[in-house]
Amino acid sequence: MKKILSLFLAVTTMLTLFTSCGKKTQDEQFSQISSSSEVKEMVNEENNGFSIYYPSYMQSTEGEKLELSKKPEKIIVLSNSAMQILVRCNIQPIAFRKAPAYIDFPDWVKELPQIETGMNGLDLEKVVSMEPDLVIMGNHLKKDYDKQLKDANIPVYYTSEGPGVSYNEVKEEAIIFARSFGSEKMAKEVESEFNAVEKRAETFKKYVQNKKSMILFGAPPSYQQTSMSYLGSILSMLPFDNLSDTLVDKKLRMAPLDIEKLVEINPEVIFAISPTAATPDVIENVYKEEFAKNPKIWNSLDAVKNNNVIYLSGEYVTSKGIHIIKSINNLIDILEKKFEVSTDMLPKSSDGKITINYPTDMQKKGFVEPLILEKNPERVVVMSKAPVLALHELGVKMIAIPNGGAVVWPKDLEESTKKLDISMKSNLDIETIIALNPDLVILGERSKDKYGKILTDANIPVYYVNSGHTVPYEYIKDQTQMLVNAFGNSSPKGKEIMARFEALEKDLANLQLKYSDKSVMVLQSSPPSHYIQTEEGTLASMAKMMGFKNVYENKLSSMAPLDMENAIGYNPDLVLCVGGTMDSESHKKAMEDDFAKNPNYWNSISAIKDGKVLYFSSKFILNTGIGFIDTMEEFVKTINSFYKE
């Protein structure tokens, strides 16, 4: 209890800083300044010095901006939120605090000298000894260290930290950091990422009816949070009415919990968080012990009786900078499962209209609003291989599709459609597509900037799909479901297509135990260039579905250039090689020729030396939609044959 009380006092101190910014709320101030032309010009283009602007809600205490005589080169960053943007700007500080495990910082960040901050204060002597030309740290440290740092002639930029920082405040600060340390283009990119998660939140609100909720803070619960707290501001974007706003001034953001009032207002949903519980299972165990001690009180609550207490990790306790986007997406994923949000709940076609929704992964990228067509399209141009086979089976009339390449199109489809060269090296003229007079174009989302606006300006409806080389199985299945919902929801063919996925999953479940003790390295190569896939890569995801453990992990990307030095230590049981060739034999020859040029290196990897290598054509890195099922079955046969299963 003493620890919680100490934490609450510290939090209260921080919150007083936020609530002293003037008469207007922070969200109101953000709304004003984010739409002003003045902020949009906050870019370091001047030659005389370097400026870091403050967000609107901090300007009454910190001023408009921190001005330096030149761009800082020796920066100490003691703020996770600032560090995330600096990493994106390719700026490497000279020291950082300990990186939290749930933020995907690159390895070099974890190797920086560490300066701890927290309840025990700051190692000021270490900071001064490193002679930085800028320190970035939370404003809760200002009272104790501002004067000493100024006396040492070290400029300081203060950030917002703690459980009292709202979503809009995090958003504004991230955009301003991107402008100050990056560029206007980067600021717009960051802003678009926030806008994308906002759109997804808006869509989720259409699925679930508003529910009365409360946020309980601490383990056991000792405090409540209003809609202006960190988690509270996130939940206010979703269909949850915060009952604490009716009990206390919401500007307090956090207040002591009155159990009697909790029972009286009886929330339908409770969100539980604690700074002492890093994972949901930790806080769940503590709460269940509390429920057992006082069953009469807790079991009288609808949220407890109906198993609607949602336990969240420490990730949701305090501000996390731009990581909040991932946190919100993860939270919506949790809530979709909790409240059984399914594709059946998506908007349906009516009055003869066709509604094509986007799967979850595309919604995370900002493609939230469904495409609604006035009638069933009859002249569809598809500029991505991914949806072609499903559309063909669903009877959608296509007039143009991509060249098959390693993929063989059905004979009737091959004969009835114009073929498009959509390769990276092609000089496809979008006017050629417009001249076909399509009533729908399906386009890879990576081509949105290149072709999307031209098509929509020509009044041609466009639907976007993920057509990359590292598309996981879950996306392929979800995207197929969206097409079935739009074009074959009531047809036997639509049900039969989705049944194939279920059959595949059942077959693979029986195989996974066979290969769960084996590891794999997946190389995607165009010799002499080599990349390595994580388990999210297309071919690597196939190996994962059979139970193989991937030797390479990378939270930032599903594929990365092969680190030749590190690869020696991976020691996989099997190496899978895939490239851009039409057949596996051609890729095998290209790879073996490359191995022969540097045999001492490649033979240091035991699997390659011992011939435990399998080669695959480009079909195994393409997103071919339902073609994945046949490709996966071919992959299973290849693996089973190799191991003589």
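No experiment lies behind these values; they were computed from the predicted model shown.

Scoring rules and cut-offs
- Residues numbered from 1 in each chain as written.
- Predicted model: local features only at pLDDT ≥ 70, side-chain atom pairs only at ≥ 80, totals over all residues.
- Heavy atoms only, no water.
- Helix = DSSP H or I, 4+ residues; strand = E, 2+ residues; numbered from the N terminus.
- Buried < 20%, exposed > 50% of the residue type's maximum accessible area, 1.4 Å probe, protein only.
- Contact = heavy atoms within 4.5 Å.
- Areas by Shrake-Rupley, 256 points an atom, 1.4 Å probe, with all protein chains shown as cover.
- Phe/Tyr/Trp six-rings, centres within 6.5 Å; stacked < 30°, edge-to-face > 60°.
- Lys NZ or Arg CZ within 6 Å of the ring centre and 35° of its normal.
- Patch = residues over 30% accessible without salt bridge, like charges linked within 9 Å, V, L, I, M, F, W, Y side chains within 5 Å.
- Salt bridge = Lys/Arg side-chain N within 4 Å of Asp/Glu carboxyl O.
- Lys, Arg positive; Asp, Glu negative; His and termini not counted.
- Charge placed at Lys NZ, Arg CZ, Asp CG, Glu CD.
- Pairing = 2+ DSSP bridges.
- Axes fitted to C-alpha atoms, helices over the stretch in contact; angles between N-to-C directions.
- Expected span 1.5 Å × (residues − 1).
- Core = buried A, V, L, I, M, F, W, Y, C linked by side-chain atoms within 4.5 Å.
- Right-handed = clockwise from strand over helix to strand, strands pointing away.

### Remarks on the overall build of the protein
Helix and strand content of the protein: 29 helices and 25 strands. A total of 645 residues make up the protein; the buried ones form 53% of that total. For the protein, long-range pairs separated by at least 24 residues make up 66% of all intrachain contacts whose partners lie at least 6 apart in sequence. About 30,100 Å² of surface is accessible on the protein, with carbon and sulfur atoms providing 48% of the total.

### Observations regarding the packing of aromatic side chains
Tallied over the entire structure, the rule returns 25 aromatic pairs. Plain terms: the ring middles of tyrosine 515 and phenylalanine 548 are 5.1 Å apart, the flat faces sit at 15° to each other, and that makes the pair stacked. On the criterion of sequence distance, the pair formed by tyrosine 515 in helix H23 (residues 492–515) and phenylalanine 548 in the loop between helix H24 (538–545) and strand S22 (549–550) is long-range, its members being 33 residues apart. Summarising the burial analysis for this pair, tyrosine 515 and phenylalanine 548 share the class buried. Aromatic pair phenylalanine 616 and phenylalanine 620: ring centres 4.8 Å apart, planes at 55°, arrangement tilted. Like phenylalanine 616, the residue phenylalanine 620 is buried in the burial classification. In textbook terms, an aromatic cluster arises when at least three aromatic residues are bridged by ring pairs, as seen for Phe50, Tyr54, Tyr157, Phe177 and Phe181. In this structure, lysine 448 is placed above the aromatic ring of tyrosine 464, and the distance from its NZ or CZ to the ring centre is 5.9 Å.

### Some remarks on a negative patch on the surface
A cluster of acidic residues, Asp361, Glu474, Asp478 and Glu536, forms a negative patch on the protein surface. By secondary structure assignment, the location of glutamate 474 is in helix H22 (residues 473–487). Glutamate 474 sits in the partly exposed class, given a relative accessible area of 48%.

### Describing the pattern of salt bridges
Scanning the entire structure with this criterion turns up 27 salt bridges. Taken together, the shared-partner salt bridges in this structure form one network comprising Arg200, Asp333, Glu336 and Lys364.

### Thoughts on the sheet that holds strand S17 (residues 418–420)
Within a sheet, adjacent strands bond to each other through the backbone by hydrogen bonds, running parallel or antiparallel. With respect to topology, five strands assemble into an open sheet ordered S17-S16-S15-S18-S19, the strand pairing being parallel. A strand with exactly one partner marks an edge of an open sheet, and here the two such strands are S17 and strand S19 (462–465). Taking the axes of each pair of neighbouring strands and ignoring which way they run, one obtains an average angle of 20° across the sheet. Where strand S15 (residues 380–382) lies against strand S16 (residues 398–402), two bridges are found, and the strand directions are parallel. Considered in S16, the bridge of valine 381 is made with alanine 400. This element, helix H21 (residues 448–457), spans strand S18 (440–444) and S19 of the sheet and lies at about 165° to S18. Sitting on the sheet, H22 touches S18 and S19, and the angle it makes with S19 is about 155°.

### Quick notes on H22
Taking 1.5 Å per residue, 15 residues should reach 21 Å; H22 reaches 21 Å between its end C-alpha atoms and fits that length. Extensive coverage of H22 is indicated by the burial of eleven of its 15 residues. Of all the residues in H22, the buried ones are Tyr473, Tyr475, Ile476, Gln479, Thr480, Met482, Leu483, Val484, Asn485, Ala486 and Phe487.

### Here's the deal with the pairing of strand S24 (residues 574–578)
S24 sits mainly inside the fold: five of its five residues count as buried. The two faces of S24 match: Leu574, Leu576 and Val578 on one face and Val575 and Cys577 on the other face are all buried. In the sheet, strand S20 (residues 519–526) pairs with S24 via five bridges, with the strands oriented parallel. The residue bridging glutamine 524 from the neighbouring strand is valine 578, located in S24. Pairing of S24 with strand S25 (residues 613–616), which is carried by four bridges, proceeds in the parallel orientation. What sits directly across from valine 575, in S25, is valine 613.

### What to know about the nonpolar core
In summary, soluble globular proteins display a tendency toward joint burial of nonpolar side chains. Met137, Phe181 and Phe271 are the most contacted members of the largest nonpolar core, which has 84 residues in total. Counting residues per element, this core draws most heavily on helix H10 (residues 184–207), at eight residues. For methionine 137, the contacting residues outside a window of four places in its chain are Leu78, Leu122, Tyr145, Leu149, Val156, Tyr157, Tyr158 and Thr159. Judged by nonpolar contacts, the second largest core, of 80 residues, contains Phe367, Val465, Leu483 and Tyr515.

### What to know about the sheet that holds strand S6 (residues 156–159)
Reading across the sheet, the four strands line up as S4-S3-S5-S6 and stay open at both edges, with parallel pairing between neighbours. The sheet is open, and its two borders are formed by strand S4 (95–96) and S6, each paired with just one other strand. For strand S5 (residues 134–138) and S6, the ladder comprises four bridges, and the chain directions are parallel. Looking across to S6, one finds that methionine 137 is bridged to tyrosine 158. Strands in contact with helix H5 (residues 80–88) are strand S3 (75–77), S4, S5 and S6; relative to S3, the strand with the most contacts, it is inclined by about 130°.

### Focus on unusual backbone geometry
Of note, the bond from alanine 219 into proline 220 is cis; its omega dihedral lies within 30 degrees of zero at 0°. In this structure, proline 220 sits in the loop between strand S7 (211–217) and strand S8 (223–225). Across the junction of proline 527 and proline 528, the peptide omega takes the value 10°, indicating a cis bond. Within the fold, proline 528 resides in the loop between S20 and strand S21 (529–533). One non-glycine residue, asparagine 307, adopts positive backbone phi at about 60°. You can see asparagine 307 is positioned in the loop between helix H15 (302–305) and strand S12 (309–311).

### Remarks on the environment of isoleucine 154
Of note, isoleucine 154 is situated in the loop between helix H8 (142–151) and S6. Isoleucine 154 gets classed as buried once you look at its relative accessible area, which sits at 6%. When near neighbours in sequence (up to four residues on either side) are disregarded, isoleucine 154 contacts Val128, Pro132, Val135 and Leu149.

### Concerning the pairing of S18
Across the five residues that make up S18, a large majority, five, are buried. Here S18 shows two buried faces, one formed by Leu440, Ile442 and Gly444 and the other by Val441 and Leu443. Strand direction decides the pairing type here: S18 and S19, joined by four bridges, are parallel. Each bridged residue has a counterpart across the sheet, and for valine 441 the counterpart in S19 is valine 462. Considered for its hand, the β-α-β crossover made up of S18, H21 and S19 is right-handed.

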